Amino acid sequence: YLFLSILLCSFVLFIQKVDGRKEPEMSASDFERYEIEIDNPLYPIALKDMNEPPEKLYVIGNPSVLSAKSIAVTGTRRSSPYGEEASKIVANEALAAFVPVITGGAVGCESVAARTVLENGGLHIAVVGTGADVDYPSSNVDMFELTVETGGAIVSISPWGKGPTRAGFARRRKVIAALSQMMVVVEAGFPSGVFSTAECAMELGREVWACPGGFFAPESRGCNMLIEGGAKIICDSSSISRAISSL
């Protein structure tokens, strides 16, 4: 019987190989889900600094990471090589300090920062503007999966299955700002949703840092304006290192 069982398993594997069939890959939405209401001990205290904190969080992954000291990294979707390098520098400083990095899960600067963290064993928290189980943008599906697999989390205030809307992305800016102890804007034009996120952080009393850009660089206008308005300037990697160490 043992011989027949082995023979049968071998035959099945052979058929699957011929057909090209394989086990379906998991996505982030296949991991454990949580609905965390405001009176739940897992609800991050930092969010209660908001004037109107969300009544419920929808989380995939590790909900306890939401209460860790963390920094938010945000930047334009249309990132330049300068913005991408700045994202990597900030992410690496967070890694060196064992501090989780929060992003909005967007393409561009945020994706670069998140992938830098994930590829080097760090923790990433994605605060998304859709339902936490919605793979958006589709180009970052692998990033979301790795975020959960490595002990991070995907969090949303939109219910499961909710697709992308302008209002959803606007609401998540406040959550990103409140959840972090410090925000770094690596590259932003003006007007920009990134600029709005930084303003939310300032209103909540969070430290906001910004990478300066060239006088004639429209993609850095928002960062330069933030610095003019009181954001701390990032001169080099040591600026970030010192800021993180003070958290």
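Sequence order sets the numbering: in each chain, residues are counted from 1 along the sequence as written. Totals for whole chains, interfaces and linings use all residues, but because this is a predicted model, local features are given only for residues with pLDDT of at least 70 and pairs of side-chain atoms are given and counted only at 80 or more. With hydrogens and water excluded, all non-hydrogen atoms of the structure serve as input to the side-chain values.

## Some remarks on the overall build of the protein chain
Helix and strand definitions here come from DSSP, where helices need a minimum of 4 consecutive H or I residues and strands a minimum of 2 consecutive E residues; each element is numbered from the N-terminal end. The secondary structure content of the protein chain amounts to 8 helices and 9 strands. Intrachain contacts of the protein chain at a sequence separation of at least 6 include 75% that bridge at least 24 residues. Taken as a whole, the protein chain presents about 12500 Å² of accessible surface, with 56% of it coming from carbon and sulfur. Any two residues having at least one pair of non-hydrogen atoms within 4.5 Å are treated as being in contact. Using a 1.4 Å probe, the Shrake-Rupley method yields the accessible areas, and only the shown protein chains count as cover for residues.

## With respect to the nonpolar core
Ranked by size, the top nonpolar core spans 32 residues in total, and within it Leu47, Leu57, Leu66, Ile125, Val127, Met183 and Val185 carry the most contacts. Counting only elements with at least two residues in this core, the list comes to strand E2 (56-61), strand E5 (124-127), strand E6 (153-156), helix H5 (166-179), strand E7 (182-187), helix H6 (193-203), strand E8 (207-210) and helix H7 (221-228). Contact partners of Leu47, with chain neighbours within four places excluded, come to Pro53, Pro54, Leu57, Val175, Ala178 and Leu179. Ala86, Ala94, Val101 and Ala243 belong to the second-largest nonpolar core, a separate cluster that totals 21 residues. By convention a nonpolar core is built from buried Ala, Val, Leu, Ile, Met, Phe, Trp, Tyr and Cys residues, the set being connected through side-chain atoms within 4.5 Å. Relative accessibility decides the category of a residue: with a 1.4 Å probe and only protein chains considered, values under 20% of the type maximum give buried, values over 50% give exposed, and everything between is partly exposed.

## Considering the packing of aromatic side chains
Between two aromatic rings, the relevant description is the distance of the centres plus the angle of the planes. By convention, a stacked pair of Phe, Tyr or Trp rings (six-membered ring in the case of Trp) has centres within 6.5 Å and planes under 30 degrees apart, an edge-to-face pair has planes over 60 apart, and any other such pair is tilted. By the definition in use, this model includes 4 aromatic pairs. With a centroid separation of 4.9 Å and 75° between ring planes, the pair formed by Phe190 and Phe195 is classed as edge-to-face. Accessibility expressed as a relative area gives 34% for Phe190, which makes it partly exposed. Using a relative accessible area of 10% as the deciding quantity, one classes Phe195 as buried. Ring geometry for Phe215 versus Phe216: centroids 4.9 Å apart, planes at 90°, classification edge-to-face. The class for Phe215 is exposed, based on a relative accessible area of 75%. Its end group placed over the ring of Trp160, Arg33 keeps NZ or CZ at 4.9 Å from the ring centre. Only lysine NZ and arginine CZ atoms are considered, and such an atom sits over a ring when it is within 6 Å of the ring centre and within 35 degrees of the ring normal.

## A word on the packing of helix H2 (residues 81-96) against helix H3 (residues 109-118)
For the pair H2 and H3, the least separation of the axes is 8 Å and the interaxial angle reads 35°. Classified by chirality, the crossing of H3 by H2 is right-handed. The residues of H3 that touch H2, namely those facing Gly83, Glu84, Ser87, Lys88, Ala91, Asn92 and Leu95, are Cys109, Val112, Ala113, Thr116 and Val117. Grouping the constituent residues of the contact of H2 with H3 by class yields 6 nonpolar, 4 polar and 2 charged. All axes here are fitted lines through C-alpha atoms, helices being fitted over the stretch that makes contact, and every angle between N-to-C directions spans 0 to 180 degrees. Here is the rule for handedness: rotate from the far helix to the near one, and if that takes an anticlockwise turn smaller than a right angle the crossing is left-handed, while a clockwise turn gives right-handed. Residues are sorted three ways: Asp, Glu, Lys and Arg are charged, Ala, Val, Leu, Ile, Met, Phe, Trp, Tyr, Cys and Pro are nonpolar, and all the rest, Gly among them, are polar.

## Examining the environment of Pro41
Of note, Pro41 is situated in the loop between strand E1 (33-37) and E2. Note on Pro41: relative accessible area 79%, which makes it exposed.

## What to know about the pattern of salt bridges
Criterion for a salt bridge: a side-chain nitrogen of Lys or Arg within 4 Å of a carboxyl oxygen of Asp or Glu. Taken as a whole and judged by the stated rule, the model has 6 salt bridges. Notably, a salt bridge pairs Lys56 with Glu35, separated by 3.3 Å at the nearest N-O pair. Of the two residues, Lys56 sits in strand E2 while Glu35 sits in strand E1, which places them 21 residues apart along the sequence. On the accessibility criterion, Lys56 (25% relative accessible area) is partly exposed. The class for Glu35 is partly exposed, based on a relative accessible area of 43%. In this structure, Glu85 and Lys88 form a salt bridge, with 3.5 Å as the shortest nitrogen-oxygen distance. Within this pair, Glu85 and its partner Lys88 are both found in helix H2, separated by 3 residues, close to a single helical turn.

Shape is all these values report; function is a separate question.
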